[in-house]
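# Analysis of the macromolecular model
Here is how the chains run, residue by residue.
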Amino acid sequence: MKHPLQLAEFHLTVANDAQLPPPGPPEIAFAGRSNAGKSSAINALANRTRLAFTSKTPGRTQQINFFRLRNGALLADLPGYGYAAVPQALKRHWQEFLARYLATRQSLVGLVLVVDARHGLADLDRRLLAGYFPSGRPVLVLATKVDKFTASAQGGARRAIERDIAGEFPFHAAQVAVVAFSATRHIGIPAAEAILASWLGETTSDAGAPAPGDRKEKAPRSRGVTRGPKNPR
Ligand SMILES: Nc1nc2c(ncn2[C@@H]2O[C@H](COP(=O)(O)OP(=O)(O)OP(=O)(O)O)[C@@H](O)[C@H]2O)c(=O)[nH]1
Ligand SMILES: [Mg+2]
């Protein structure tokens, strides 16, 4: 059986709230700093080379590209944040858009936060998480570009991000799974696929017989964690 993200197709590009497709099918958003590797992660998970456009120039994706999965669900490739050379007004436009979208989009079933494993969480990542967590929905952090680490250091990079999130957002750690990932070396793809499939109510082909190493990366579910302070900082 093919994974639900495989053979995703381009659907729509939007530049503001008014152009968003009406909420309906389940939607998964990919967010992260400019150049973190969001578009590359989407391509790797969809098993396509140029579905989402990647670039060596940071700040390239200045709109939201939607992709449609075979089961009708949508993926949203959100504009990257934090790139210094983007004009201030445009930065503000997208930061406000992202905060609104993540807090209010009814059809959102989960957030994939793409983080360069060499840099860890940035302040803007923390702000984004603080705004999103009260929704009670799950987060998959892709600690990407781990191909830049030795095999033995990759787990350490993942655990450092886990510790960081647990320390900063103790009431929301159960909403988060962190997966060591590489789009170029195809690391972490089965673990990420299993989590995304569970958000979409599907199982991957190897479900029922998970590899021992996959167990700890079971999808987080919302568990009424919003009982804690809205922003634990
Ligand atoms: N080594 C390595 N490089 C990667 C990986 N993923 C992405 N890159 C590189 O990082 C750069 C940015 O990748 P993109 O996927 O375009 O990043 P993005 O987050 O979509 O960037 P914006 O759209 O500008 O926000 C490109 O040069 C990619 O080739 C990875 O897993 N390993
Ligand atoms: Mg991009």
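Residues numbered from 1 in each chain as written. Chains lettered and ligands numbered in written order. Predicted model: local features only at pLDDT ≥ 70, side-chain atom pairs only at ≥ 80, totals over all residues. Heavy atoms only, no water.

### Observations concerning the overall build of the protein chain
Counting its secondary structure elements, the protein chain contains 5 helices and 7 strands. Walking the protein chain from its N terminus toward its C terminus, one meets helices and strands in the order β-β-α-β-β-α-β-α-β-α-β-α. Within the span of the protein chain, comprising 233 residues, buried residues form 49% of the whole. If you take every contact in the protein chain between residues at least 6 apart in sequence, the share linking residues at least 24 apart comes to 74%. In the form shown here, the protein chain has an accessible surface area of approximately 11000 Å², with 51% of it arising from carbon and sulfur atoms. (Helix = DSSP H or I, 4+ residues; strand = E, 2+ residues; numbered from the N terminus. Buried < 20%, exposed > 50% of the residue type's maximum accessible area, 1.4 Å probe, protein only. Contact = heavy atoms within 4.5 Å. Areas by Shrake-Rupley, 256 points an atom, 1.4 Å probe, with all protein chains shown as cover.)

### Points about the pairing of strand E7 (residues 176-180)
Burial runs high along E7: 5 of the 5 residues are buried. Burial along E7 is two-sided: Val176, Val178 and Ala180 and Ala177 and Val179, pointing in opposite directions, are all buried. Read as a crossover between parallel neighbours, the route from strand E6 (residues 139-144) over helix H4 (residues 151-168) to E7 is right-handed. (Right-handed = clockwise from strand over helix to strand, strands pointing away.)

### Comments concerning the packing of helix H2 (residues 88-104) against helix H3 (residues 123-132)
It is at 8 Å that the axes of H2 and H3 come closest, and there the two elements cross at 35°. Read as a crossing pair, H2 and H3 show a hand that is right-handed. Only Leu124, Leu128, Gly131 and Tyr132 of H3 make contact with H2, whose side of the interface consists of Gln95, Leu98, Leu102 and Ala103. For the contact of H2 with H3, the per-class residue count stands at 6 nonpolar, 2 polar and no charged. (Axes fitted to C-alpha atoms, helices over the stretch in contact; angles between N-to-C directions. Left-handed = near helix turned anticlockwise from the far one by under 90°. Nonpolar A, V, L, I, M, F, W, Y, C, P; charged D, E, K, R; others polar.)

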